[in-house]
Amino acid sequence: MNKKILYSICLLNAMLLSSGCAYQSFDLPQHSSIHFEETSLEAGDMQSDNGFAPLPNENNGISVYENQELGLEINYIPGSQGNYIITRGSQSQEYNIGYEPDAVESLTITPWDSNSLFLVCHLTFADKKCQRYIINSEMLSEIMIYDPLETAKARISREIIENNGSLCLYINQESTGIFADQRETLEMLGHNIRPLNDILFHSEDGSFLCDVPLAIYENEKIGFIRLYYEFDGVGMNCINAEFLPPN
């Protein structure tokens, strides 16, 4: 595993997890999101075997993440049971995520909106748990959002409609392209449709969107649910959902 990515993850996790808000691949539509590079700080001979760089003139912090594009730095507090401090400009926040740096398996940071006010942190841990957080990049505060996977589940509506003499499974009033002679077959398939973990946050025309892939038995991908969000000043609220077949 890339340790640079690992360290960034932990730090970002820390920021995100502190507030307690928890929070998933076929080809999705093109979008304007940018993946930032995560790099660990270099400290010459001071850098330890595991890649952490001790902060100069400080004994209580280890710099584990730096992103020059964002002007963001995260420091791990050794022996603190998973406490981190995130700093950007004059803003600084301490977060507890309950994971040590070596327990973070991967991390990505993606701006949700075009002006990068909202950042999406996606964390995967060694225990295979996955968490996502939305943060305000200026205030370093967490933006509340209900788990998009759970939102997608709740927003899926299934219907069986006769189409050209055959029965077709529809999701949110859109055809899935799945046909069968027996209604029972389509009902069974419909109830086994699950959202996948490879979700995508992006924005279009000022709208905040999240695309959640759907599959039957978590294997046969059939399309995705697009969730439309609106920011109310505190959190992101899902105001609409539509089913879109794969391109």
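What you are looking at is a predicted structure, and each value in this text was computed from that prediction instead of being measured.

Caption draft 1: Representation of the pairing of strand β2 (residues 62–67) within the structure. Summarising burial for β2: 5 of the 6 residues are buried, a large majority. What sits between the antiparallel neighbours β2 and strand β3 (residues 72–76) is a turn of 4 residues, in which G71 has the positive phi angle 65°.

Caption draft 2: How the structure looks around the pattern of salt bridges. Evaluated as defined, the whole model comprises 3 salt bridges. Of the charged contacts in the structure, one is a salt bridge between E105 and K128, with a shortest N-O distance of 3.1 Å. Placement of E105 in strand β6 (residues 104–111) and of K128 in the loop between β7 (118–125) and β8 (130–136) is noted, with a sequence separation of 23 residues between them. Judged by relative accessible area, K128 falls into the exposed class, the value being 58%. Between K153 and E150 there is a salt bridge, with its nearest N and O atoms 3.5 Å apart. Of this pair, K153 and E150 both sit in helix α2 (residues 148–155), 3 residues apart, which is roughly one turn of that helix.

Caption draft 3: Quick look at the nonpolar core. By size, the foremost hydrophobic cluster in this structure holds 33 residues, and its most contacted members are W112, I225 and Y229. Counting residues per element, this core draws most heavily on strand β15 (residues 207–216), which supplies 5 residues. Leaving out residues up to four positions away in the same chain, Y229 has contacts with W112, I145, Y146, P148, T151, F208, C210, M236, N237 and C238. Counting residues in each nonpolar core, the second largest holds 23 residues, with I86, L107, I109 and L140 among its members.

Caption draft 4: Representation of the pairing of strand β17 (residues 235–244) within the structure. In this structure, strand β9 (residues 142–145) lies alongside β17, joined through 2 bridges in parallel fashion. When the bridges of β17 are listed, I145 appears paired with M236. In terms of strand pairing, strand β16 (residues 220–231) meets β17 through 8 bridges, oriented antiparallel. Following the sheet pairing, R226 is matched in β17 by E242.

Caption draft 5: Summary view of the packing of aromatic side chains. Scanning the entire structure with this criterion turns up 6 aromatic pairs. Centroid distance Y99 to F125: 3.8 Å. Interplanar angle 10°. Geometry classified as stacked. Of this pair, Y99 sits in the loop between β5 (91–96) and β6 while F125 sits in strand β7, and the two are 26 residues apart along the sequence. Just as Y99 is buried, F125 falls in that class too. Taken together through their ring pairs, the aromatic side chains of W112, F118, F201, F208, Y229 and F231 make up a single cluster.

Caption draft 6: Up close: α2. Within α2, the full set of buried residues consists of P148, L149, T151 and A152. Viewed along the axis of α2, the buried residues span an arc of 160°, placing them on a single side of the element. For α2, the secondary structure elements touched by its buried residues are β9, β13 (193–195), β14 (200–204), β15, β16 and β17. For α2, the N-terminal capping position is held by D147, with its side-chain oxygen 3.0 Å away from the main-chain nitrogen of L149.

Caption draft 7: Quick look at the environment of L186. Topologically, L186 is positioned in helix α3 (residues 183–191). The spatial distance from the C-alpha of L186 to the C-alpha of Y170 is 9.6 Å, given a sequence separation of 16 residues.

Caption draft 8: Main features of α3. What α3 keeps buried is the set L186, L189 and G190. The buried residues of α3 occupy an angular sector of 100° when the element is viewed end-on, so they sit on one face. Exposed side chains of α3 directed beyond 90 degrees from the buried face belong to E184 and H191. Residues of α3 that are buried in the fold lie against β10 (158–163), β11 (166–171), β12 (174–180), β13 and β15.

Caption draft 9: View of the environment of E184. Turning to its location among the elements, E184 is positioned in helix α3. Each C-alpha atom of the pair E184 and I160 lies 9.9 Å from the other, and the pair is 24 residues apart in sequence.

Caption draft 10: Spatial organisation of the environment of Q81. Summarising the element assignment, Q81 is placed in the loop between β3 and β4 (83–88). With 19 residues separating them along the chain, Q81 and E100 place their C-alpha atoms 6.9 Å apart.

Caption draft 11: Layout of the confidence of the model for the protein chain. Taken as a whole, the protein chain shows an average pLDDT of 76; of its residues, 76% reach a score of 70 or greater. By mean pLDDT, the top-scoring element of the protein chain is β17 (96), and the lowest-scoring one is helix α1 (residues 3–17) (40). Long-range and interchain partners of residues 1–59, a stretch whose pLDDT sits below 50, account for 174 contacts in this model, where long-range means more than four residues apart.

Reading the values: rules and limits
Residues numbered from 1 in each chain as written. Predicted model: local features only at pLDDT ≥ 70, side-chain atom pairs only at ≥ 80, totals over all residues. Heavy atoms only, no water. Buried < 20%, exposed > 50% of the residue type's maximum accessible area, 1.4 Å probe, protein only. Helix = DSSP H or I, 4+ residues; strand = E, 2+ residues; numbered from the N terminus. Pairing = 2+ DSSP bridges. Salt bridge = Lys/Arg side-chain N within 4 Å of Asp/Glu carboxyl O. Core = buried A, V, L, I, M, F, W, Y, C linked by side-chain atoms within 4.5 Å. Contact = heavy atoms within 4.5 Å. Phe/Tyr/Trp six-rings, centres within 6.5 Å; stacked < 30°, edge-to-face > 60°. Arc of directions from axis to C-beta. Polar contact = N/O pair within 3.5 Å; in protein donor to acceptor, adjacent residues only side chain to side chain. pLDDT = per-residue confidence, 0-100.

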